[in-house]
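Now for the letters of each chain:
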Amino acid sequence: MTRLTAIGRHEGDLPGIARTRNELEMTATVVHRIEDGKLAKLYPFANYYQTMAFVNALAWISHREDHHPDLEVGYNKCRVQYATHAIGGLSENDFICAAKADALFQL
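What you see is a predicted model, and the numbers here were worked out from it, not measured in a lab.

Trainee: Explain the packing of helix α3 (residues 48-65) against helix α4 (residues 92-106) to me, please; I cannot follow it from the model alone.
Mentor: For any two helices packed against each other, one specifies the inter-axial angle together with the distance between the axes. Taken N-terminus to C-terminus, the directions of α3 and α4 make an angle of 145°; their axes are 10 Å apart at the nearest point. As for how α3 packs across α4, the hand of that crossing is right-handed. Residues F54, A57, L58, I61 and E65 of α3 lie in contact with α4, whose contacting residues are N93, C97, K100, A101, L104 and F105. Within the contact of α3 with α4, the residues separate by chemical class into eight nonpolar, one polar and two charged.

Below, the structure written as structure tokens:
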């Protein structure tokens, strides 16, 4: 996962996943699930403040990567889903950004 979090890519620069898909899926699906063609994970928090701190930090990362997840925010949880609309599925950038979300959660 360290390698994935160190790489920055932009959605428009990426083709669909080809030969690296299995390797990336194995890394990301350890902590994420593939649901309806999207990488998804529910992050639990102790309270609203921690949830919103995560959401705001993830928004900053997403802006820098120019790759924005779908977020469902509750009092003590945030569900994050990644998919690349430009290709109608998952791209390498989805896995990279998912790894960055996990790294943020570990802080």
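And the narrative resumes.
Trainee: Could you clarify how one ought to interpret the environment of N93 in this entry?
Mentor: Note that N93 resides in helix α4. Once the C-alpha coordinates of N93 and Y82 are considered, the two residues, 11 residues apart in sequence, prove to be 9.0 Å apart.

Trainee: Hey, could you run me through α3 in this one?
Mentor: Because the α-helix completes a turn every 3.6 residues, residues three or four places apart line up on one side. Between the first and last C-alpha of α3 there are 25 Å, a value that for 18 residues agrees with the 26 Å anticipated at 1.5 Å per step. By the burial criterion, the buried members of α3 are T51, F54, V55, L58, I61, S62 and E65. Taken around the axis of α3, the buried residues stretch over an arc of 130°, which confines them to a single face. Turned more than 90 degrees off the buried face of α3, the exposed positions are Y49, N56, W60, H63 and R64. Against the buried residues of α3 lie β2 (38-44), β3 (70-74), β4 (77-82) and α4. For α3, the N-terminal capping position is held by N47, with its side-chain oxygen 3.1 Å away from the main-chain nitrogen of Y49. Residue D66 follows α3 closely and has a positive phi angle near 55°.

Cut-offs and rules
Residues numbered from 1 in each chain as written. Predicted model: local features only at pLDDT ≥ 70, side-chain atom pairs only at ≥ 80, totals over all residues. Heavy atoms only, no water. Axes fitted to C-alpha atoms, helices over the stretch in contact; angles between N-to-C directions. Helix = DSSP H or I, 4+ residues; strand = E, 2+ residues; numbered from the N terminus. Left-handed = near helix turned anticlockwise from the far one by under 90°. Contact = heavy atoms within 4.5 Å. Nonpolar A, V, L, I, M, F, W, Y, C, P; charged D, E, K, R; others polar. Expected span 1.5 Å × (residues − 1). Buried < 20%, exposed > 50% of the residue type's maximum accessible area, 1.4 Å probe, protein only. Arc of directions from axis to C-beta. Polar contact = N/O pair within 3.5 Å; in protein donor to acceptor, adjacent residues only side chain to side chain.

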